[in-house]
Amino acid sequence: MNAKLLALAFGPLAFGLSGFAFVGLIDPMAADLNESVAVIGQLQAAFFIACGIGGPFVARATGGFDRKRLLLWVIAGMAAMNAVSAIANSFEAIVFARLVGGVFAALTLPVASTIAVGLVDEAKRPKAIAIVLGGYTFAFLLGIPVATALGDWLGWRAAFWLASVSGMVALGITLLAVPSEGSAPSAISASFKAALVEQNPKLLLISLIGFTATFTTVSFIGPIITAVTSLEGAAIGAVQISTGVGSLLGLSAGAYLARVPLRFSLAFCMTVAAITQAAFSLGMFNDLGVLAIPSVIAIIIFGSGAMFATNPIVQTELARSSGPAATIAFALNSSMIYLGQGLGAVCGGLVIAFGSLSWTGFAGAVLAVFATMAVASIKRRPQGQSVRS
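What counts and what doesn't
- Residues numbered from 1 in each chain as written.
- Predicted model: local features only at pLDDT ≥ 70, side-chain atom pairs only at ≥ 80, totals over all residues.
- Heavy atoms only, no water.
- Disulfide = S-S within 2.5 Å.
- Patch = residues over 30% accessible without salt bridge, like charges linked within 9 Å, V, L, I, M, F, W, Y side chains within 5 Å.
- Areas by Shrake-Rupley, 256 points an atom, 1.4 Å probe, with all protein chains shown as cover.
- Salt bridge = Lys/Arg side-chain N within 4 Å of Asp/Glu carboxyl O.
- Helix = DSSP H or I, 4+ residues; strand = E, 2+ residues; numbered from the N terminus.
- Axes fitted to C-alpha atoms, helices over the stretch in contact; angles between N-to-C directions.
- Parallel < 35°, antiparallel > 145°, perpendicular 65-115°, else oblique.
- Left-handed = near helix turned anticlockwise from the far one by under 90°.
- Contact = heavy atoms within 4.5 Å.
- Nonpolar A, V, L, I, M, F, W, Y, C, P; charged D, E, K, R; others polar.
- Buried < 20%, exposed > 50% of the residue type's maximum accessible area, 1.4 Å probe, protein only.
- Expected span 1.5 Å × (residues − 1).
- Core = buried A, V, L, I, M, F, W, Y, C linked by side-chain atoms within 4.5 Å.

(A) Representation of the state of the cysteines. Under the defined criterion, the tally for this structure stands at zero disulfides. Of all cysteine sulfurs, the one in C347 lies closest to C51, which takes part in no disulfide; the gap is 19 Å.

Written out as C-alpha cells, the structure is:
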C-alpha cells in the first residue's frame, strides 16, 4: 500500500476525533456544564456548520497555496481548538472554539483528497480516496470509542485532550511523509464555477440531505445506545466500535460502487440509510430484550456503512467532472457533508426538545427518503462517457 496515502490518512483521523470525541459523553458533559442533552449535542452542530459555511470560502481564498503547507496549518489549528475545548470552563467557550476551529478544519478532507488523487493515475482514484478517508473511519473504529472510555475514566475533558494529541501526531507525520507539490495550483482550481459543472450540484445536494438524515441520530448516539440497550459509560464506547467497522466496510464498498452506474450506487446507499434510521426508532420504542445489543450494532454497521460508501462514489465523480477545480469541488462536497452533520444535530435536537429521543430515527428516515428522491433526478451518463474502470 502507498505509504504516502497512508500518511495522508492521519489528518482525517484527527479531524474525525475533533468532530466526534465527545459524542459518547454527552450525558456527563450536560451534567457538568449544567446544560441539557439537546444543547450539548449542538457542540457538534457548531463545529460542522462552521466547517460547512466557512470551508468553501477558505478553500477559494487559499487556492494558490501549496497544499501540503495548507494541510499542516489546518491540522495545527485543530490541535489548538481541542486543547482550548479541554480547558474551557463554560459551554459558550467550547462553542466559540469549535466555531473558529471549524472554519479552517473544513479543509482537512478536501486538501488531503486532492493531494491523494494527484499521487495516482485516474483509474486508482477511488481506492486512493478510500485510503485517505480511511483515517476518518479509523476515528470511528478506535479513536472515538477510546475517547469515550477515557472520558468515562478521567472525565470528559480527557476526550478533547486525546483529540488534540492526535492532531499533533498527524502534524508530525504529514510534515515528514507527505510530499510537497512541485507547483502551486492553477487559477482555475480556485473557481466555484469550474467546480459546479454537469451534475455536481445534484451530487452536493444528495450529500447534504443524506448526511443530515444520518446525523439526526449519530449526533446523539450515546443516549440512543443507552435507550436501546441500557448500556452506559465505557460500554457505549465498545458499541461505538461498530460505527468504525461499518465505515471501513462502507469505504471499501464505495470504492467498488464508484465503478457502477452512479444513480444505482447512490440510490442503494440512501435506501439502506433510510431503513437503518427507522430501525433506530423502532429499537427505542420496543423492548428488544436479548436482541437489543446485537440489533443496535447491526443498525450502526449498516447505517454508517451506507453513508461512508457515498463519499468515494461522489468524490470520484467530482474529480472526473471538475478537473483542475477538484479541490474546490471536494471542498464544496465536504461542506455539504459538514452542513449535513451540523443540521442533523440541530434536527435531532429539535425532535428531542419537542418530542422525544425515540423519534429521531423516524425523522432521519424521512430525510433519507428525500435524498433517495434526489438521486432519481440524476441523468444517466451516455455509454462510453464514463471514465470509471
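Here the narrative resumes, following the displayed structure.
(B) How the structure looks around a nonpolar patch on the surface. A contiguous nonpolar surface patch, about 330 Å² in accessible area, is contributed by F10, V165, M168 and V169. If one sorts the elements of the nonpolar patch by residue count, helix α10 (residues 157-177) sits on top with three residues. Of note, M168 is situated in helix α10.

(C) Structural context of the packing of helix α6 (residues 67-87) against α10. Orientation of α6 relative to α10, taken along the N-to-C sense of each, is 160°, at an axis distance of 8 Å. Classified by the angle between their axes, α6 and α10 sit roughly antiparallel to one another. Along this stretch, α6 crosses α10, giving a crossing that reads as left-handed. The residues of α10 that touch α6, namely those facing K68, L71, L72, I75, A76, A79, N82, A83, S85, A86 and I87, are R157, F160, W161, A163, S164, G167, M168, A170, L171, T174 and L175. When grouped by side-chain class, the residues that make up the contact of α6 with α10 number 15 nonpolar, five polar and two charged.

(D) Highlighting the pattern of salt bridges. With the rule as written, the count across this model stands at one salt bridge. Residues E317 and R320 are paired through a salt bridge, measuring 3.3 Å at the closest nitrogen-oxygen approach. With a gap of three residues between them, E317 and R320 both fall in helix α16 (residues 292-322), about one helical turn apart. A single burial state applies to E317 and to R320, both of which are buried.

(E) A look at helix α18 (residues 360-376). Here α18 is 17 residues long and its end C-alpha atoms lie 25 Å apart, about the 24 Å a rise of 1.5 Å per residue gives. Lining the buried residues of α18 we find α12 (200-218), α13 (221-229), α15 (262-285) and α17 (326-354).

(F) Structural view of the nonpolar core. One finds L8, F15, M29 and L266 to be the most contacted residues of the largest nonpolar core, which totals 120 residues. Not counting residues within four places of it along the chain, the set of residues in contact with L266 comprises L203, I206, T310, I313, V314, V375 and I378.

(G) Just the packing of helix α14 (residues 234-257) against α16, in detail. At a minimum axis distance of 6 Å, the contact between α14 and α16 shows a crossing angle of 35°. As α14 packs across α16, the resulting crossing turns out to be right-handed. Packed against α14, whose contacting residues are V239, S242, T243, V245, G246, S247, L249, G250, L251, G254, A255 and L257, the element α16 presents V296, I297, I300, I301, S304, G305, F308, A309, P312 and I313 at the interface. Looking at the contact of α14 with α16 residue by residue, the class counts come to 14 nonpolar, eight polar and no charged.

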